[in-house]
Amino acid sequence: MSYEIWTEKYRPKKLDDIKGQEDIIKHLKAFVSNKNMPHLLFSGPAGVGKTTAALAIANELYGDHWEQNVLILNASDDRGIDIIREKVKEFARTKSIGDVPFKIIFLDEADAMTRDAQQALRRIMEEYAGNTRFILSCNYSSKIIEPIQSRTVVFRFKELSKESVFDILKSIADKEQLNISEDSLEAIYYISEGDMRKSINILQAAALYSKDITPDLIYDVSSVAKPKEIQEILNLAYNGEFNNARGKLLDLMLKYGLAGEDIIKFISKEVNSMKISEKEKLEIIYYIGEVEYRLLEGSDPLVQLDSLLAYLGLKGIKE
Amino acid sequence: MDVPWIKRYSPKHINEIINQSEAIGKIKDFIENYSNSNKRALLLYGPPGVGKTSSVYAIANDLNYEVIELNASDERNAGIIYKRLSESVKGKPFLKKGRIILIDEIDGISGFQDKGGILAILKICKESIWPVIFTANDAWDQRLRSIREISELVEFKKLSNTEIIRGLRRIIASEKINIDENALKLLVERSQGDLRSAINDLQTLSSMNKKISSEDIEALGYRERETNIFRALGQMFKASTIFSATMPFVDLDMDPKDIEPWIEENIPNEYDNIKDIYNAYDWLSIGTLFYNRIFERQYWELLKYATTIMYAGVALAKEKRYNKFTRYRMPNYIRKLSQNKEIRSKILELSKNLKKKVHSSNKRIRDIYINTLINLLEKDPEIGEEYAKKLGFEDSEISYIKQSIKKL
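Not measured: the values here are computed from a predicted model. (Residues numbered from 1 in each chain as written. Chains lettered and ligands numbered in written order. Predicted model: local features only at pLDDT ≥ 70, side-chain atom pairs only at ≥ 80, totals over all residues. Heavy atoms only, no water.)

### With respect to the environment of A:Arg122
Residues and elements named next belong to chain A. Tracing the backbone through its elements, the reader meets Arg122 in helix H6 (residues 115-127). Residues Arg122 and Ile148 lie 26 residues apart in sequence; the distance between their C-alpha atoms is 6.0 Å. With sequence-adjacent residues up to four places away left out, Arg122 is seen in contact with Pro147, Ile148 and Arg151. (Helix = DSSP H or I, 4+ residues; strand = E, 2+ residues; numbered from the N terminus. Contact = heavy atoms within 4.5 Å.)

Have a look at this one:
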């Protein structure tokens with residue numbers, strides 16, 4: 001079959017198959033076997049299993065009927081609480097199919113909602129609590145208002161350990177008959193930072209080229225800047241070659257379609273491998289923090305990156 | 001100036017339209033079989049000045065139809081359009097055989113983003129007993145989604161240099177213009193496939209000169225706006241007081257947000273000392289930050305602080321004035337970056353199948369799948385296509401994506 005996305009193909013269907021979140025899974029299984037659960041709040045970084053856990057719960061509770069019994073919403077796409085309210089209303093109007101007495105509403109990226117919208121959401125949750133259960137997911141539970149937190153059971157999903165990521169990738173490689181070396185796994189991990197969706201997607205893209213997966217291939221297919229490329233730019237800037245560094249940085253952004261926020265993250269990772277004193281690194285990291293903060297506040301990314309490169313040049317001047 | 005040539009020489013008949021025969025065929029078909037058509041409207045799209053509007057008029061003339069046109073110069077929001085057209089879409093013309101409702105430059109309508117506006121337009125299409133035709137430069141504009149759904153899309157191709165020359169020669173002969181071959185070539189290159197702008201330039205030049213030479217074309221040079229911003233940049237960078245740094249931008253009819261990229265591009269061009277460069281960018285970044293706060297809260301009376309910080313901050317960042325001549329550059333990178341972003345979000349628009357499958361937000365889908373897709377297509381089109389199919393894109397979508405990333 002050609003229409004086949006590995007991130008879906010290898011998404012665990014059962015709670016037991018989810019790796020790296022054993023403590024949480026234990027509790028979720030109890031909900032399933034009792035056919036009863038409270039509202040849930042899943043928090044944690046991207047690509048560690050929040051959506052997968054929600055879908056697995058649905059699958060185990062409802063089996064083949066899961067799609068009629070589950071409404072999936074995304075707070076950052078389904079703009080506005082009114083749209084969400086409409087959809088919930090429509091969905092909650094009918095009873096669940098099968099022997100489970102409630103339906104599930106999975107609301108992804110709930111922390112993208114404003115505080116006001118969250119207040120409204122809380123009322124919606126109460127209004128429809130009779131025949132629905134909400135599973136909210138977010139990156140940071142602190143961005144969810146207290147009243148919602150107190151009405152949900154909070155599960156904190158951990159970042160996946162390197163071992164878990166490697167295990168999952170190795171088992172996929174086995175099934176797809178790929179040869180993958182340890183340093184290729186490392187390369188995937190460096191790029192994806194434990195984000196499973198990213199990791200598996202990179203592996204699929206690489207496998208389109210060859211059954212033998214190498215680190216170079218990994219960097220080639222994953223449209224991210226290589227550490228070496230970033231290091232080169234940092235060194236150029238530090239050595240006073242501002243224009244050169246700026247040109248290279250802009251080329252990288254164009255080549256990989258990187259936003260300012262992305263590239264700042266890469267830069268902050270690479271500062272550590274610069275051959276300068278620890279004290280200087282600290283000062284630079286402090287300034288990068290300032291830059292990322294200004295970016296969040298809405299300043300222009302290019303100007304921010306320019307000022308960062310110039311700052312490096314300033315540090316590079318020796319008395 | 002007398003009658004604009006673009007009007008005097010606009011095609012009267014189908015056979016006078018240059019190189020759009022495929023599109024013409026489709027439009028004619030649509031008009032003649034409107035009552036049986038399963039689409040309610042046509043959306044003509046393509047770069048400016050290639051004959052979208054002219055074609056509609058030429059076809060109408062040949063078929064003996066009248067055209068009811070609304071274009072961007074009419075005061076209009078979508079609600080007004082409805083009021084003005086709701087009669088025309090039902091009534092019958094007195095003298096002509098039929099009627100074409102032409103809504104020109106639909107992407108330029110104000111109030112089109114809001115729901116009410118779109119609904120008004122969709123209602124027009126539903127009620128109309130006459131064919132409705134839209135034109136737009138960019139059919140894949142996000143705001144045109146619901147228009148796309150009810151319309152058949154007709155592409156107008158960019159004109160080649162030879163075709164532009166063909167269009168110009170007719171006018172040159174009829175107006176008896178004396179222009180040398182090199183000049184004609186330059187003129188055509190300047191137009192970048194836009195016949196309308198080429199004809200406009202030709203008329204401007206011939207009103208000033210008896211004989212048109214290459215130098216005259218070069219004198220047209222940059223479009224007006226660009227010379228002004230270059231001048232303002234020069235004055236600002238050399239300034240040493242707050243007043244003389246902010247003054248140059250006062251008369252410039254540009255938003256600070258649009259001026260900022262020009263400054264961004266030219267700071268390291270004007271300044272050599274890394275200290276000056278750093279200070280200038282630091283001020284500029286604070287200025288843009290300030291601007292954004294004002295924008296978020298709509299406190300426009302605070303704008304003077306943002307602009308002062310931006311312009312005077314950059315000007316006074318230097319320790320001493322650089323006594324050199326600087327050739328200022330256009331902010332190409334910014335243009336490319338924003339174009340880049342735009343293309344990526346358009347591809348995201350197309351990824352409905354993918355979206356249904358992967359249970360994820362638009363941002364995640366763009367970051368992970370779309371970026372990989374573009375990267376693979378650029379490196380190795382065959383493998384990129386294979387990947388695109390796995391993501392659930394259809395062949396027509398893949399070829400659109402391939403075409404649009406060529407611009408990256």
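### Examining the confidence of the model for chain B
The pLDDT averaged across chain B works out to 84; a share of 92% of its residues lies at or above 70. The spread of mean pLDDT over the elements of chain B runs between helix H10 (residues 214-220) of chain B, the lowest at 70, and helix H15 (residues 303-315) of chain B, the highest at 94. (pLDDT = per-residue confidence, 0-100.)

### Observations concerning the environment of B:Ser35
Mapped onto the elements of the fold, B:Ser35 is located in the loop between helix H2 (21-32) and strand S1 (41-45). Each C-alpha atom, one on B:Ser35 and one on B:Trp130, is 8.3 Å from the other, the two residues being 95 residues apart in sequence.

### Considering unusual backbone geometry
In terms of backbone geometry, most residues other than glycine have negative phi values and most peptide bonds are trans. Positive phi is not limited to glycine here, since A:Glu193 has a value of about 50 degrees. With respect to the secondary-structure elements, A:Glu193 resides in the loop between helix H9 (182-192) and helix H10 (196-209). Even without being glycine, B:Asn64 reaches a positive phi, approximately 60 degrees. Checked against the element boundaries, B:Asn64 lands in the loop between helix H3 (52-63) and strand S2 (65-70). Residue B:Asn64 is classed as partly exposed on the basis of its relative accessible area, which comes to 35%. (Buried < 20%, exposed > 50% of the residue type's maximum accessible area, 1.4 Å probe, protein only.)

### Topic: the UniProt feature "binding site: ATP" (unreviewed entry) in chain B
Residues and elements named next belong to chain B. The UniProt feature table records "binding site: ATP" (unreviewed entry) at Gly46, Pro47, Pro48, Gly49, Val50, Gly51, Lys52 and Thr53. Checked against the element boundaries, Pro47 lands in the loop between S1 and H3. A relative accessible area of 29% means that Pro47 is categorised as partly exposed. Residues contacting Pro47, with those up to four places away along its chain left out, are Lys52, Asn137, Phe156 and Lys158. As for its placement among the helices and strands, Thr53 is situated in helix H3. Overall, Thr53 belongs to the partly exposed group, its relative accessible area being 21%. The residues touching Thr53, leaving out its near neighbours within four places in the chain, are Leu102, Asp104 and Thr135. (UniProt positions renumbered as here; feature names shortened; annotations may be inferred.)

### A closer look at the interface of chain B and chain A
Contact residues are listed per partner, giving 50 residues for chain B and 57 residues for chain A. Both sides together, the interface formed by chain B and chain A hides about 4700 Å², and carbon and sulfur atoms give 58% of it. Area buried by chain B at its contact with chain A is led by B:Tyr278, B:His359 and B:Lys390, which between them contribute 15% of it. Between chain B and chain A we count 5 salt bridges in total. For B:Arg364, the salt bridge goes to A:Asp195, with nearest N and O atoms at 2.5 Å. Between chain B and chain A we count 25 residue pairs in polar contact (both at pLDDT 80 or more) in total. (Buried area = accessible area lost by both parts, 1.4 Å probe. Salt bridge = Lys/Arg side-chain N within 4 Å of Asp/Glu carboxyl O. Polar contact = N/O pair within 3.5 Å; in protein donor to acceptor, adjacent residues only side chain to side chain.)

### Examining the pairing of strand S3 (residues 103-108) of chain A
All names here are of chain A. For S3, the tally of buried residues reaches 6 of 6 residues, placing the bulk of the element in the interior. Two elements, strand S2 (residues 70-74) and S3, share 5 bridges in a ladder whose sense is parallel. Bridge pairing links Asn74 to Asp108 in S3. As a crossover connection, the stretch from S3 through H6 into strand S4 (residues 132-138) is right-handed. (Pairing = 2+ DSSP bridges. Right-handed = clockwise from strand over helix to strand, strands pointing away.)

### Observations concerning the sheet that holds strand S4 (residues 132-136) of chain B
Residue and element names in this part refer to chain B. With parallel pairing, the 5 strands of this open sheet are ordered in space as S2-S3-S4-S1-S5. Strands with a single pairing partner mark the edges of an open sheet, and in this sheet they are S2 and strand S5 (151-155). For this sheet the average axis-to-axis angle between neighbouring strands, irrespective of direction, equals 25 degrees. Inspection of the sheet shows strand S3 (residues 98-103) paired to S4 by 3 bridges, in the parallel sense. (Axes fitted to C-alpha atoms, helices over the stretch in contact; angles between N-to-C directions.)

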